Amino acid sequence: MVRNVAGLLSELEEEDFYLLSGVEQGMRFSEWVQREKIPKFSRLTDEEVDYRLERCLKRGLIEKKTIQYEGYTLQFEGYDTLALRAFVERETISEFGSPLGVGKESDVYEVRSYKPFALKYHREGYTNFREVHKERDYTSDNDHVSWMYTARKAAEREYDVLETLYPDVAVPQPIDQNRHAIVMEKMNGVELSRTKLEDDQILGVLDLVLNEIARAHERGYVHADMSEYNVFVDEDGVTVFDWPQSVPTDHENADGFLHRDLENLLGYFRRKYPRAVPEDIETEEVVDSIATDSLEPIAKRQA
């Protein structure tokens, strides 16, 4: 698990951030940045670079490796630190709180400004790329292979989708984005997977989620990763989150992703509440009704 770096901000000095930013800049061309190139990227002297490298290595923000040359690369903690500092400088965040959720592809923390928010660090690509030590340079033409690039693009994509959908679709309100991190509205309620619905609530909640899927489709997006783990339920309704894998409705596989989303959702309700969902509800029927903007509440069939 990548650790919380909020406490490091007060320990680090301005030149430490120059060093981290310099390594970040160098990683556009190579995963491992040659020591001799860091002064140019960081605008620090050789002596200052040595001192700052030692400080950042000690705090686990960068990693050193001697391959054909002495090279340095950012750890995710170093990337987290750069993003967090940007949010603090922009006054998006004033306080850092407890973890809200930790997973393979993201870590989420409670943060504060004028009200509570959620800070989501994207982790896509990190595990796979750290399993293999890259020992060759990558040019800027193929920097997409970097875990840093992968995570940043995932955050940018999710933030853009949230901006497009909010407030017409029940998604978290996007607040700010930097590098691989997003600040968004903190969601209320409980994850659908951990919610025990009463008999008279089941189809109502299912209809709410289907309605949000339909609204997102109307506004040009398919979630493409829908499950009971990506929906929050509270007394005011539902919130659908985790949109980095979403695709536009004109994507060649959009219909297939929509079908899979609905299959996952209906399958979950049928497994957990086997007698609640009408047997005559077919996934393909719901797909067609969403695609043609003619979705009817399932609860009506039971009325």
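What you are looking at is a predicted structure, and each value in this text was computed from that prediction instead of being measured. (Residues numbered from 1 in each chain as written. Predicted model: local features only at pLDDT ≥ 70, side-chain atom pairs only at ≥ 80, totals over all residues. Heavy atoms only, no water.)

### Description of the overall build of the protein chain
What counts, and what does not: Only DSSP runs of H or I with at least four residues qualify as helices, and only runs of E with at least two residues qualify as strands; both kinds are numbered from the N terminus onward. Only protein chains enter the calculation, and the probe is 1.4 Å; a residue is then buried if its accessible area is under 20% of its type maximum, exposed if over 50%, and partly exposed in between. The contact rule is simple, with two residues in contact once any of their heavy atoms fall within 4.5 Å. Here the Shrake-Rupley method, with its probe set to 1.4 Å, supplies the accessible areas, and only the displayed protein chains count as covering residues. Counted as positive: Lys and Arg. Counted as negative: Asp and Glu. His and the chain ends are not counted at all. Just so you know, the charge point we use is NZ for Lys, CZ for Arg, CG for Asp and CD for Glu.
When helices and strands are tallied, the protein chain shows ten helices and 13 strands. In terms of overall dimensions, the protein chain has a C-alpha envelope of 75 × 40 × 30 Å along the principal axes. For the protein chain, the proportion of its 303 residues judged to be buried stands at 50%. Contacts in the protein chain between residues at least 24 apart in sequence constitute 65% of all its contacts with a sequence separation of at least 6. Of the accessible surface of the protein chain, which amounts to about 15,300 Å², a share of 44% is contributed by carbon and sulfur atoms. Computed over 38 positive and 62 negative side-chain charges, the inter-centroid distance for the protein chain is 5 Å.

### Brief notes about the layout of surface pockets
Worth spelling out the cut-off: Of the two site types, the cavity is a set of points on a 1 Å grid over the protein atoms alone where a 1.4 Å probe fits but cannot get out, and the pocket is an open set with protein on both sides within 12 Å along at least five of seven lines, each lined by residues with an atom within 4 Å of a point. Grid points are joined across faces, edges and corners, and a volume is the space filled by probe spheres set on the points. For this classification, Asp, Glu, Lys and Arg are treated as charged, while Ala, Val, Leu, Ile, Met, Phe, Trp, Tyr, Cys and Pro are nonpolar and the rest, including Gly, are polar. Throughout the structure description, domain borders are defined by an automatic or database domain assignment.
Reported here for the largest pocket is a volume of approximately 600 Å³. Lining the largest pocket are 24 residues; nearest its centre among them are Gly101, Ser106, Val108, Phe241 and Asp242. If you list the elements that add at least two residues to the lining of the largest pocket, you get strand 4 (95-102), strand 5 (106-112), strand 6 (116-122) and strand 8 (181-185). For the lining of the largest pocket, the element with the highest residue contribution is strand 4, accounting for three residues. Grouping the constituent residues of the lining of the largest pocket by class yields ten nonpolar, five polar and nine charged. Shared between two domains, the lining of the largest pocket takes at least three residues from each, and those domains are domain 1 (5-185) and domain 2 (190-300).

### Re the sheet that holds strand 6
We count it as follows: Each pair of strands is called paired provided DSSP finds at least two bridges between the two strands. Interaxial angles span 0 to 180 degrees and are taken between N-to-C directions of axes, which are lines fitted to C-alpha atoms, for helices over the stretch in contact.
The antiparallel open sheet is built from five strands, whose spatial order is 4-5-6-8-7. Of all the strands in the sheet, just strand 4 and strand 7 (174-178) have a single pairing partner and so form its edges. Recorded for the sheet is a direction-independent mean angle of 25° between the axes of neighbouring strands. Sitting on the sheet, helix 4 (residues 76-89) is in contact with strand 4, strand 6, strand 7 and strand 8, with an inclination near 130° to strand 7. Most of the contacts of helix 6 (residues 147-165) go to strand 7, to which it runs at about 155°, and overall it touches strand 6, strand 7 and strand 8.

### Points about the domain arrangement of the protein chain
Stated formally: When two parts are brought into contact, each loses some accessible area as probed by a 1.4 Å sphere; the total of that loss over both is the buried area. Just to be clear on terms, a salt bridge is a Lys or Arg side-chain nitrogen sitting within 4 Å of an Asp or Glu carboxyl oxygen. The definition of a polar contact used here is a pair of N or O atoms within 3.5 Å, where within protein one atom must be able to donate a hydrogen and the other to accept one, and adjacent residues in sequence count solely through side-chain atom pairs.
Here the domain parsing of the protein chain yields domain 1 (5-185) and domain 2 (190-300). For domain 1 versus domain 2, the distance between C-alpha centres works out to 33 Å. Counting from both sides, the interface comprises 16 residues of domain 1 and, opposite them, 14 residues of domain 2. Taking both sides of the interface into account, the surface hidden between domain 1 and domain 2 amounts to around 1,200 Å²; carbon and sulfur atoms contribute 61%. Counting every contact that joins domain 1 to domain 2 gives two salt bridges. A salt bridge links Asp242 to Lys120; the nearest nitrogen and oxygen atoms lie 2.5 Å apart. Where domain 1 packs against domain 2, one counts six residue pairs in polar contact (both at pLDDT 80 or more). When contributions to the side of domain 1 that touches domain 2 are tallied by element, the ones reaching two or more residues are strand 6 and helix 6. Looking at which element gives the most residues to the side of domain 1 that touches domain 2, the answer is helix 6, with seven residues. Of the residues contributing to the side of domain 1 that touches domain 2, the split by class is eight nonpolar, two polar and six charged.

### Considerations on the pattern of salt bridges
Counted by the stated rule, this structure contains 22 salt bridges. For Glu11, the salt bridge is made with Arg59, and the minimal N-O distance between the two is 3.0 Å. With Glu11 in the segment before helix 1 (14-26) and Arg59 in the loop between helix 3 (46-58) and strand 2 (62-66), the pair connects residues that are 48 residues apart, well separated along the chain. Accessibility expressed as a relative area gives 39% for Glu11, which makes it partly exposed. Note on Arg59: relative accessible area 17%, which makes it buried.

### Notes on the pairing of strand 8
Extensive coverage of strand 8 is indicated by the burial of four of its five residues. As paired strands, strand 6 and strand 8 are joined by five bridges and run antiparallel to one another. Residue pairing in the sheet places Leu119 in a bridge with Val183 of strand 8. For strand 7 and strand 8, the ladder comprises four bridges, and the chain directions are antiparallel. Bridged to Pro174 within strand 8 is Met184.

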